[in-house]
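Observations on the model geometry
The chain contents come next:
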Amino acid sequence: MSSIVDKIFANTTKLIAFGVLLLVAWIFVVLFEHSVESIKAFGFTFITDTKWAPNVEKFGALPAIYGSVVSTFLAMILAVPVAIGIAIFLSEIAHAKLKAPVGISIELLAAIPSVIYGMWGLFYFVPIIRDTFGGIGISMLTAGIILSIMILPFMAAVTRDAMNTTPDILKESAYALGGTKWDVIKDIIIPYAKAGIIGSFILALGRAIGETMAVTFVMGNVHKISADLTEPATSIPVTLANEFAEADSTLYYSSLFELSLFLLVISFTIISIAKFYFLRRKRIA
Amino acid sequence: MTHTQKRILINNIVMFLSTLSAVIGIGFLLWILSVLVINGLDALSMIIFTNEGAPPGNDNGGLKHALIGQLMLVSYAALFGVPLGVLAGTYLSEYGLKSKLSETIRDISDIMMSAPSIVIGAFVYAIVVSPMGHFSGWAGSIALTIIMIPIILRTTDDMLQLVPSTLREAAFALGAPKYKVIIQIVYRGAKAGILTGILLGVARVAGETAPLLFTSFNDNFLNMNMNQPMASLTVTMYNYATSPYEDWQKLGWAAAFILSMFILSLNIFGRLFLLKKRNKK
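Definitions and cut-offs
Residues numbered from 1 in each chain as written. Chains lettered and ligands numbered in written order. Predicted model: local features only at pLDDT ≥ 70, side-chain atom pairs only at ≥ 80, totals over all residues. Heavy atoms only, no water. Contact = heavy atoms within 4.5 Å. Buried area = accessible area lost by both parts, 1.4 Å probe. Salt bridge = Lys/Arg side-chain N within 4 Å of Asp/Glu carboxyl O. Polar contact = N/O pair within 3.5 Å; in protein donor to acceptor, adjacent residues only side chain to side chain. Nonpolar A, V, L, I, M, F, W, Y, C, P; charged D, E, K, R; others polar. Helix = DSSP H or I, 4+ residues; strand = E, 2+ residues; numbered from the N terminus. Buried < 20%, exposed > 50% of the residue type's maximum accessible area, 1.4 Å probe, protein only. Expected span 1.5 Å × (residues − 1). Bend = angle between axes of the 7 residues up to and from the residue. Core = buried A, V, L, I, M, F, W, Y, C linked by side-chain atoms within 4.5 Å.

**Some points on the interface of chain A and chain B**
Across the contact, 81 residues belong to chain A and 83 residues belong to chain B. Buried area between chain A and chain B, summed over both chains or domains, comes out near 7,200 Å², and the portion from carbon and sulfur atoms is 81%. Broken down residue by residue, the surface that chain A buries against chain B is led by Phe9, Met119 and Trp120 of chain A, which jointly contribute 9%. With a shortest N-O distance of 3.7 Å, lysine 275 of chain A and aspartate 107 of chain B are connected by a salt bridge. The tally of links between chain A and chain B comes to 10 residue pairs in polar contact (both at pLDDT 80 or more). Among the residues making up the side of chain A that touches chain B, the classes are represented as 57 nonpolar, 15 polar and 9 charged.

**Concerning unusual backbone geometry**
Backbone geometry at glutamate 57 of chain A places phi at a positive 55°, although glycine is not the residue there. At leucine 97 of chain B, a residue that is not glycine, the phi angle is positive and equals roughly 50°. With respect to the secondary-structure elements, leucine 97 of chain B resides in the loop between α3 (64-96) and α4 (100-114). According to the relative accessible area criterion, leucine 97 of chain B is partly exposed, its value standing at 48%.

**Here we look at helix α5 (residues 140-164) of chain A**
Relative to the 36 Å expected for 25 residues at 1.5 Å per residue, α5 of chain A spans 35 Å between its end C-alpha atoms, a close match to the ideal helical length. Approximately 35° is the largest bend angle found in α5 of chain A, and it occurs at isoleucine 151 of chain A, with the proline proline 153 of chain A only one to four residues beyond.

**A word on the pattern of salt bridges**
Once their charged atoms are close, side chains differing in charge can pair, the charge on each being opposite to the other. Throughout the structure, instances matching the rule amount to 18 salt bridges over all chains. The salt bridge partner of lysine 171 of chain A is glutamate 92 of chain A, with a shortest N-O separation of 3.3 Å. Here lysine 171 of chain A is found in helix α6 (residues 168-176), whereas its partner glutamate 92 of chain A is found in helix α2 (residues 62-93), with 79 residues between them in sequence. By relative accessible area, which is 11% here, lysine 171 of chain A ends up buried. The salt bridge partner of arginine 204 of chain B is glutamate 208 of chain B, with a shortest N-O separation of 3.4 Å. Look at arginine 204 of chain B and you get partly exposed, because its relative accessible area is 33%.

**Re the side chain of serine 35 of chain A**
Note that serine 35 of chain A resides in helix α1 (residues 2-42). Leaving out residues up to four positions away in the same chain, serine 35 of chain A has contacts with Ser254, Phe257, Glu258 and Leu261 of chain A.

**Considerations on the nonpolar core**
Counting residues in each nonpolar core, the largest one holds 193 residues, and the members touching the most others are Ile27, Tyr117, Met155, Phe217 and Phe244 of chain A. Top element by residues in this core is α5 of chain A. It accounts for 16 residues. Not counting residues up to four positions away in its chain, the partners in contact with phenylalanine 217 of chain A are Val115, Gly118, Met119, Leu122 and Ile138 of chain A together with Tyr238, Ala241 and Thr242 of chain B.

Have a look at this one:
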């Protein structure tokens, strides 16, 4: 009797676990199916065309792709040095009593929902950008900065974890040779934790590119490519968030699904590279 | 300046910059929190809990519809997501172990945890909203469930692996079948850890907005029918904050305050607990 129950339990759990794989495959299939119409209509020009005009059923994704790339790039430039700084502070400088509260504060920053970053950005950051850099404040620049604050805690926490894996004996030997803290960090810890640190940056990049709400508030959803960072712009997730519920033709929907598929494939690829290539052994993320 | 002095100078500069980075990070946290508390407390009143949404310009607007909607969306997501996630995690830790299937599921779950949630919204739109012909609370809950499963799966997996195998062996030696060992011994040993994982998973989906935009959509009035579009705190916050009406924006801040206090307390509780647990190991 109990051997039957045993089998049922084992197989149920296996089925559900396997279901997770099926679900992910299903997501790809469904997004692809719904993109077919747009893929057929536009082909490769979908990602090279700059005109996104629902009224004439013309959909070119280049402005959204451009916005995603530039805002993410901006966020990375701003966040990387600060994240490394926080990680160094948490793993090497902070007094033992400070480590936990500061570490938890940084992780709390990661727990704040992105819609709140967006709202805070809209009411408190947009005016600052407007007064400092001109324009209307709703811009690529604002989006990049808000995005950098959003990915900062995550990068800092994972970088710290990677740094903490450095064996004490290596650090102690370097100190014994008369190294300063910075010598130890740059010659021992960073080389030792390099893969993990790079992995955390790529992982953050993958998240930043799919981040929706924090940027939706402050980007503007304007399908235009402008070299001026203080101009409003759009990105793939911003376009989806703004237009999905309003699309009124099947080709419009299909184009939005193609954007979703594109976004999923890109972020899947980036996250996989981070995980399989850089974070393989340590399972930090 | 001697070489040593130079090294010490550089060291001090780097130490200063690192400390400054930490101050910047915490500065942003304090800034956001103080904005939330100041605006939130200012907007908070009893009306918020007793009244539904109202047209702009009307002083009687509240958030009852969004609070109840949010509670329903997240509760149903947890109702589906928790058992599915825990059982799948159980398979990985107790049966699959280091098998190829288990490792693949772990990897895919990790990737899904970082994947853009708005894409899940598009997927649920295609499989639920589109065939049904309208937005609904169910669609929103399904989207949240899909986001929750990998989180709960991974924490359950990790927590079960922390249970010492000697406990399992002792139970097996007494002749207990495997499912009994898992349910009565392993789950009991990992209970607190799994519960923490569930709390963190719930906290994570409670803040999700993007996948709700085109699944549960929104409603400015109280609706308890999961078959209809349903309000959530997050989407309400988005709509109210981006509206030009000051009283709506005020309600948006109240929603932001309530939601973030809920999520942050779940996180503080969960993280402190995990920290204690990890230090013990």
